[in-house]
Amino acid sequence: MAIAEISPLTDTSLDLLELRHRRRESALHQLVQCAFEHQAVRHPELVETSLLRRERLGSTALGRGHAVTGAWSWCVHAPLVLVGVSSRGLDWDVAGGHDVSIVALVLTPGESTEEMHFRRLEAVAGALRLQRQRQRLLDHPDVATLSALLREVPR
Amino acid sequence: MTAVEGFLELHDLDNLLAQVGDPARLGRWRRMGYSLGPAPALVKEREKLTDRLDRRWLNLYERSLGRYGRGLSAVRNRVCLGCRLTLPTSAAPPPGETQLHLCEGCGRLLLWD
């Protein structure tokens with residue numbers, strides 16, 4: 001009798017990274033470059049411009065300590081959720097001056113509907129809303145924890 | 001910046017402006033916990049961007065934007081992802097060329113993969 005060890009497939013639509021800088025613009029740049037390396041976006045500079053413009057419509061920080069931003073664009077090839085964790089905290093234009101320690105970038109291809117992009121954003125924002133969920137991710141910053149946390153996000 | 005990149009940027013900017021211009025979308029953002037305000041600076045940026053784009057293509061883009069809500073569409077396997085029309089082989093640009101094209105079915109500007 002042969003025994004095979006089956007390991008779960010890696011979810012390529014999610015990834016986690018450590019954010020190196022303190023500024024919002026630098027963090028967005030790092031996230032977009034990571035998405036480009038995943039071959040999820042073309043014209044990364046346009047995606048970055050779009051994300052910076054989105055920040056000018058109103059900060060994407062949600063409550064204390066986290067921000068959820070995203071783009072629904074023809075520049076996006078494949079759906080991807082990137083979560084950046086900053087141990088030093090990010091200066092993210094939050095009311096009250098709190099630093100942001102978790103940033104999620106939700107990328108949805110232009111061929112998907114806008115409704116799908118909203119549903120993906122709502123799912124990510126909902127998953128990160130509770131402090132204990134965010135703390136879980138800060139305590140165990142790995143893709144397995146992230147996958148468990150974001151399992152409800154539509155692909 | 002190429003013409004294709006210019007229209008891609010314009011398309012993304014129009015998407016953002018649509019978020020604050022439509023009460024239903026704005027309400028949805030607010031329910032998620034975001035606070036979005038008016039964007040006069042983005043409107044000015046749009047004007048600056050459109051000044052740099054070819055007038056003829058811009059008119060076609062704006063006509064499709066008004067009709068469908070999106071003025072740009074991608075092509076995958078010769079199919080326009082806006083109207084699902086299979087485009088003739090002759091409509092495809094030569095490999096490596098990045099030029100603007102128009103969908104014969106819906107009139108959207110096409111972004112060939």
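For the structure itself, look to the data block above.
Residues numbered from 1 in each chain as written. Chains lettered and ligands numbered in written order. Predicted model: local features only at pLDDT ≥ 70, side-chain atom pairs only at ≥ 80, totals over all residues.

Participant: For this particular structure, what's the right way to read the overall build of chain A?
Facilitator: Along its length, chain A carries five helices and four strands. The dimensions of chain A, computed from C-alpha atoms along their principal axes, are 60 × 35 × 25 Å. (Helix = DSSP H or I, 4+ residues; strand = E, 2+ residues; numbered from the N terminus.)

Participant: Help me understand the interface of chain B and chain A, please; the structure alone is not making it clear to me.
Facilitator: Accessible area lost upon the coming together of the parts serves often as the stated size of an interface. Taken together, the contact pairs 24 residues of chain B with 22 residues of chain A. Elements with a minimum of two residues in the side of chain B that touches chain A: α1 (3-21), α2 (23-32), α3 (40-51) and β1 (72-76) of chain B. Looking at the side of chain B that touches chain A residue by residue, the class counts come to 14 nonpolar, six polar and four charged. (Contact = placed C-beta atoms within 7 Å. Nonpolar A, V, L, I, M, F, W, Y, C, P; charged D, E, K, R; others polar.)

Participant: When you look at the pairing of strand β3 (residues 80-90) of chain A in this model, what are you seeing that I'm missing?
Facilitator: Remark: a regular strand shows side chains that alternate across the two faces of the sheet. Residues and elements named next belong to chain A. As paired strands, strand β1 (residues 14-18) and β3 are joined by five bridges and run parallel to one another. Bridge pairing in β3 places L17 opposite G84. As defined by bridge partners, β3 adjoins strand β4 (residues 100-109) across seven bridges and the pair is classed as antiparallel. Residue pairing across strands places L80 opposite L107, the latter belonging to β4. (Pairing = 2+ DSSP bridges.)

Participant: Teacher, can you tell me more about the environment of L138 of chain A here?
Facilitator: Residues and elements named next belong to chain A. Position of L138 among the secondary structure elements: in helix α4 (residues 131-139). With 15 C-beta atoms counted inside 10 Å, the residue L138 sits in the partly exposed group. Separated by 37 residues in sequence, L138 and S101 place their C-alpha atoms 8.4 Å apart. Excluding residues within four positions of it along the chain, L138 makes contact with V85 and S101. (Buried ≥ 20, exposed ≤ 12 C-beta atoms within 10 Å, placed from the backbone.)

Participant: How should the packing of α1 of chain B against α3 of chain B be read in this particular structure?
Facilitator: Two quantities define a packed helix pair, namely the angle between the axes and the distance from one axis to the other. All names here are of chain B. Taken N-terminus to C-terminus, the directions of α1 and α3 make an angle of 160°; their axes are 11 Å apart at the nearest point. Here α1 lies roughly antiparallel to α3, going by the angle between them. As α1 packs across α3, the resulting crossing turns out to be left-handed. Residues G6, E9, L10, L13, L16 and L17 of α1 pack against L42, V43, E45, R46, L49 and T50 of α3. For the contact of α1 with α3, a count of residues per class yields seven nonpolar, two polar and three charged. (Axes fitted to C-alpha atoms, helices over the stretch in contact; angles between N-to-C directions. Parallel < 35°, antiparallel > 145°, perpendicular 65-115°, else oblique. Left-handed = near helix turned anticlockwise from the far one by under 90°.)

Participant: Would you explain the sheet that holds strand β4 (residues 109-112) of chain B in this entry?
Facilitator: The strands that make up a sheet are held in pairs by hydrogen bonds between backbone atoms, and each pair lies either parallel or antiparallel. Residue and element names in this part refer to chain B. Within the open sheet, the four strands sit side by side as β2-β1-β4-β3. Their pairing is mixed. With partners counted over all chains shown, the strands left at the sheet margins are β2 (79-80) and β3 (101-102), one partner each. Contacting β1, β3 and β4, helix α4 (residues 55-68) crosses the sheet at an angle of about 100° to β4.

Participant: What exactly am I supposed to notice about unusual backbone geometry here?
Facilitator: Backbone geometry follows two general trends: most residues other than glycine have a negative phi, and most peptide bonds adopt the trans configuration. Non-glycine residue H43 of chain A carries a positive phi angle of around 50°. Within the secondary structure, H43 of chain A sits in the loop between α1 (24-37) and α2 (44-57). Of note in the backbone geometry, R78 of chain B takes a positive phi value of approximately 65° without being a glycine. In this structure, R78 of chain B sits in the loop between β1 and β2. Accessibility expressed as a C-beta count within 10 Å gives 14 for R78 of chain B, which makes it partly exposed.

Any functional reading would require information beyond the geometric quantities listed.
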